[in-house]
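Architecture at a glance
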Amino acid sequence: MGCIYEELNVPIVVNAAGTATRLGGPPLAEVVTETMAKAGKASVYVEDLLERAAQLIRKVTGAESGLVTSGASAGLTLAAAACLARLDVAKMRQLPDSQGIPNEILIARSHRNAYDRALTLAGAKLIDVGVDDWAAGAGVRGIEPEIFAEAVTDRTAAIFYLARREERMSLKALVAVARRYGLPVIVDAAAQLPPRENLRRFIAEGADLVIFSGGKAIGGPQGTGILCGKRELVASAALQMVDLDVPWEAWNPPRLLFPKEALQGMPYHGIGRGFKVSKEEIVGLMVALRHFVDAEKRHDQMVGLLRHMASKVEGLAGVDKVRLVLDAPTPLLQIKLDEACLKRSPWEISTSLRYGNPRIAFNEQLLHQGILIVNPISLRAGDEEVVVQGLAKELASSLR
Ligand SMILES: *Cc1c(COP(=O)(O)O)cnc(C)c1O
């Protein structure tokens, strides 16, 4: 197992951290890798394959259409490009120069995040809206959707919403405001799976475009994502992504993603031309998505695995207490270190594990509280023992 990385002399990481991009995403199920290998054995028109994927995405999300993108980040850029250009070919040719095009995307101040610059790559400009006392801990009031109405001008192109579990601003209410001005709402839901229901939720609540990461919990190839929503907008995104080196008269693409009749001629290669998705990845994502939708048992398996790990870790010298978190979409195991009896800090211990032999990556989100988190989603069979033993060894050598 893992011999290609041994051959390349790249150390393997036992991934108890979750679905981080820097860890290359979760290991792919065999059925995904096998299908990807098969997909590499022939040529197809990528447009035809994307159209099939669009039909599948439509079925599982309830959206009018869907596009496989090269990750959620690329999905954000294409979503912005779609809202700026719509099906106007001249505007597609102009982007990312957005002069003369309504290019402002409204965003709640508390939704600003390090991924949102992907929107600006398309030529969009982010306009911060509102003050969030609740998020800042300064009061009880969050951002109310009505405040967005004050920021709408004739330069506004879209409204952005960051989906997250603890969010208090109602997407439905924000969509109602957007509708009054005919503005599309883009939802970044990259990491909002599981629960599976979220595949449909944001579309059902009225979002015009929703972005998911394909390489996180869906378990698709690391380089994939999904952009789903209104047909015209998804079509605009698709047109700005694919290879268009075809004469207009000779172009006969499938029409859900490529509504030729609605276009005034052929755009140039769009700003998403560099976000190429290979046919192997498109097929891999489709298979993973089908499995993700069908998987019932996975949650119970993960809980069982964590209970087993908890029983082994509990009582280790250097561990204060362990806690199984079951009310999260993915079950987690929190391991609180007993800092009083350790001579090294939690960060030193986690770093030493991350670069140890074997390399073991924990989720470090609560490390500032001395808590190592096991997220089981990317663990392979047998990894649980490696994690437990690695931690035991590390703690034994760190005792005062
Ligand atoms: C992970 C993430 C992304 C980027 O997803 P990729 O598929 O790696 O491009 C964007 N937005 C949010 C909120 C994320 O968590």
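As a reminder, the structure under discussion sits directly above these lines.
Here we summarise the structure given alongside this text. The structure displayed is predicted, hence computed values, not measured ones. (Residues numbered from 1 in each chain as written. Predicted model: local features only at pLDDT ≥ 70, side-chain atom pairs only at ≥ 80, totals over all residues. Heavy atoms only, no water.)

Turning to the overall build of the protein chain, a few remarks are in order. Counting its regular elements, the protein chain contains 15 helices and 12 strands. Taken over C-alpha atoms, the radius of gyration comes to 23 Å for the protein chain, in line with the 21 Å a tight globule of 400 residues would show. Its C-alpha atoms give the protein chain principal-axis dimensions of roughly 70 × 60 × 35 Å. Buried positions account for 52% of the 400 residues belonging to the protein chain. Expressed as a percentage of contacts within the protein chain between residues at least 6 apart in sequence, the contacts between residues at least 24 apart total 70%. Surface summary for the protein chain: the accessible area is close to 18800 Å², and the carbon and sulfur share equals 51%. Here the protein chain carries 47 positive and 46 negative side-chain charges, and the mean point of each set is 1 Å from the other. (Helix = DSSP H or I, 4+ residues; strand = E, 2+ residues; numbered from the N terminus. Rg over C-alpha atoms; globule rule 2.2 N^0.38 Å. Buried < 20%, exposed > 50% of the residue type's maximum accessible area, 1.4 Å probe, protein only. Contact = heavy atoms within 4.5 Å. Areas by Shrake-Rupley, 256 points an atom, 1.4 Å probe, with all protein chains shown as cover. Lys, Arg positive; Asp, Glu negative; His and termini not counted. Charge placed at Lys NZ, Arg CZ, Asp CG, Glu CD.)

All residues adjacent to the ligand are T21, G71, A72, S73, Y115, L162, D188, A190, A191, S213 and K216. With respect to the ligand, the side chain of D188 contributes an N or O atom lying 2.8 Å from a nitrogen atom. Between the ligand and K216, the relevant distance is 2.8 Å, taken from an oxygen atom to a side-chain nitrogen or oxygen of the residue. Relative to its unbound accessible surface of 390 Å², the ligand loses 85% to contact with the protein. Along the lines of polarity and charge, the residues of the shell around the ligand split into 5 nonpolar, 4 polar and 2 charged. (Near = heavy atom within 4 Å. Polar contact = N/O pair within 3.5 Å; in protein donor to acceptor, adjacent residues only side chain to side chain. Nonpolar A, V, L, I, M, F, W, Y, C, P; charged D, E, K, R; others polar.)

Per the stated rule, a full pass over the model turns up 0 disulfides. Cysteine C228 remains unbridged, with the sulfur of C83 as its closest cysteine sulfur at 13 Å. (Disulfide = S-S within 2.5 Å.)

Moving on: unusual backbone geometry. Going from L193 to P194, the amide bond is cis rather than trans, its omega being -15 degrees. Tracing the chain through its elements places P194 in the loop between β6 (185-188) and α10 (198-204). Each neighbour pair has its own omega, and for P194 with P195 the value is 5 degrees, a cis peptide bond. Along the chain, P195 turns up in the loop between β6 and α10. You will see that N9, though not glycine, has its phi angle at about 60 degrees, which is positive. Mapped onto the elements, N9 comes out in the loop between α1 (3-7) and β1 (13-16). Looking at N9, the relative accessible area reads 69%, which means it is exposed. You will see that R86, though not glycine, has its phi angle at about 50 degrees, which is positive. Within the secondary structure layout, R86 lies in the loop between α4 (72-85) and α5 (89-94).

Taken as a whole, this structure holds 17 salt bridges when the rule is applied. The shortest N-O distance in the salt bridge between R155 and E104 comes to 2.9 Å. Here R155 is found in the loop between α8 (146-151) and β5 (156-162), whereas its partner E104 is found in strand β3 (residues 104-108), with 51 residues between them in sequence. We classify E104 as buried; its relative accessible area is 7%. The salt bridge partner of D383 is R380, with a shortest N-O separation of 3.1 Å. Residues joined by salt bridges that share partners form a network here, namely R112, D116 and D128. (Salt bridge = Lys/Arg side-chain N within 4 Å of Asp/Glu carboxyl O.)

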